[in-house]
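What follows is each chain in one-letter form.
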Amino acid sequence: MKSIGFLSFGHWDPQSPFTTRSAEDVLQESIDLAVAAEEIGLDGAYFRVHHYARQLSSPFPLLAAAGAKTSKIELGTGVIDMRYENPLYMIEDAGAADLISRGRLQLGISRGSPEQVIDGWRYFGYEPAEGESPSDMARRHTEVFLNLLKGQGFAEPNPTPMFPNPPGLLRLEPLSETLQDRIWWGSGSDKTARWAAELGLNLQSSTLKDDETGEPFHVQQAKQIRAYHEAWNEAGHSRKPRVSVSRSIFPIVNDQDRKYFGHEGDASDDKFGYIDAQTKAVFGRHYAAEPDKLVELLKQDEAIAEADTLLLTIPNQLGVAYNTHILESLLTHVAPALGWK
């Protein structure tokens, strides 16, 4: 395990008993948590993106603000729903955020998850082309985005521009020259993991995936990662890819931890169910225990062993100080036994 980061969904609620009562609260606390995570030595600060929900939704202002206030920590998403994205505008937003952070952006993108409204991307002005599914549209938007990231000119310049142009066709600006190696695909199946590998994308695999064999979640996820690496090698890419997995892990080291998580037992069970009418899925367990017990349990997780990056889902509603405590406890008492630094 080379890298550990947190993944925040950015929940807020006007009735919250904690400090996360508004979108402003969550955005400010997200920046503060990225700063605090860097100070304790965490490798990454990642943020989930959900539309039409009381959660984080527009990642680039947040990533840029966090990038301006930190200097080392990776800043990422897990994931941006490409059904909603204009690939050209996204090039400019992502390029600006990456340049502000001086090349620390780790951009997770995907088809997205079940959402709060029916076909919410339609309200954003997007429709699948004839014969396309919404997932196909997300992959099409992704391929346009990846092609534009190469930085080749494509737009015919105005012969009488307001400002002088460089010679040739024009590209979008600002463009981050190195960002294309730091794009991740959030995959929920073996098939899309292989597709991501073929395109040269890094892999994000969360706590939910299609149930393809009936085996425990971590076993299926490990197989997904191995299928991804096999496809990557077959594609002949020159660089080494990165793979992340997400987990809910809570070390219990004091009475406050025990109050919040002690009643949940060492580990929950995997859950099998349907995320829509057609797709059977397996939901991974969470872990809450004393550090020595956590180490014992996590060493049995095949997918963690296959991945190089672990993203820790956090209860952001409990505030910056308590989440920093959770992360520091894990870095101090658990992570070294998993091979981290």
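Up top is the structure.
Here the structure is a predicted model, which is why all the values come from computation and not from measurement.

*Asks:* I would appreciate a short explanation of the packing of helix α1 (residues 23-39) against helix α2 (residues 59-69) in the present structure.
*Replies:* Axes are the key here: two packed helices are described by the angle between their axes and the distance separating the axes. One way to put it is that α1 packs onto α2 with a least axis distance of 9 Å and a crossing angle of 40°. Classified by the angle between their axes, α1 and α2 sit oblique to one another. For the pair α1 and α2, the crossing hand works out as right-handed. Where α1 approaches α2, its residues L27, S30, I31, A34 and V35 are matched on the opposing element by L62, A65, A66 and K69.

*Asks:* What's the story with helix α4 (residues 134-149) in this structure? I'm lost.
*Replies:* In an α-helix there are 3.6 residues to a turn, and that puts residues three or four apart on one side. If you check α4, its first and last C-alpha atoms are 23 Å apart, about what 16 residues at 1.5 Å a residue would give, namely 22 Å. Taken together, the buried positions of α4 are S135, M137, A138, H141, T142, F145, L146, L148 and L149. On its buried side, α4 packs onto α3 (87-100), β5 (105-110), β6 (183-186) and α5 (190-199). Immediately beyond the C-terminal end of α4, within one or two residues, lies G151, with a positive phi of roughly 85°.

*Asks:* Explain unusual backbone geometry to me, please; I cannot follow it from the model alone.
*Replies:* A negative phi holds for most residues other than glycine; trans holds for most peptide bonds. Cis rather than trans, the peptide bond between G78 and V79 has omega equal to 10°. Tracing the backbone through its elements, the reader meets V79 in the loop between β3 (74-77) and β4 (80-81). With an omega of -5°, the peptide bond running from E173 to P174 counts as cis. Within the fold, P174 resides in the loop between α4 and β6. Positive phi, normally seen in glycine, also occurs at Y52, with a value near 60°.

Each value, and the rule that gives it
- Residues numbered from 1 in each chain as written.
- Predicted model: local features only at pLDDT ≥ 70, side-chain atom pairs only at ≥ 80, totals over all residues.
- Heavy atoms only, no water.
- Axes fitted to C-alpha atoms, helices over the stretch in contact; angles between N-to-C directions.
- Helix = DSSP H or I, 4+ residues; strand = E, 2+ residues; numbered from the N terminus.
- Parallel < 35°, antiparallel > 145°, perpendicular 65-115°, else oblique.
- Left-handed = near helix turned anticlockwise from the far one by under 90°.
- Contact = heavy atoms within 4.5 Å.
- Expected span 1.5 Å × (residues − 1).
- Buried < 20%, exposed > 50% of the residue type's maximum accessible area, 1.4 Å probe, protein only.

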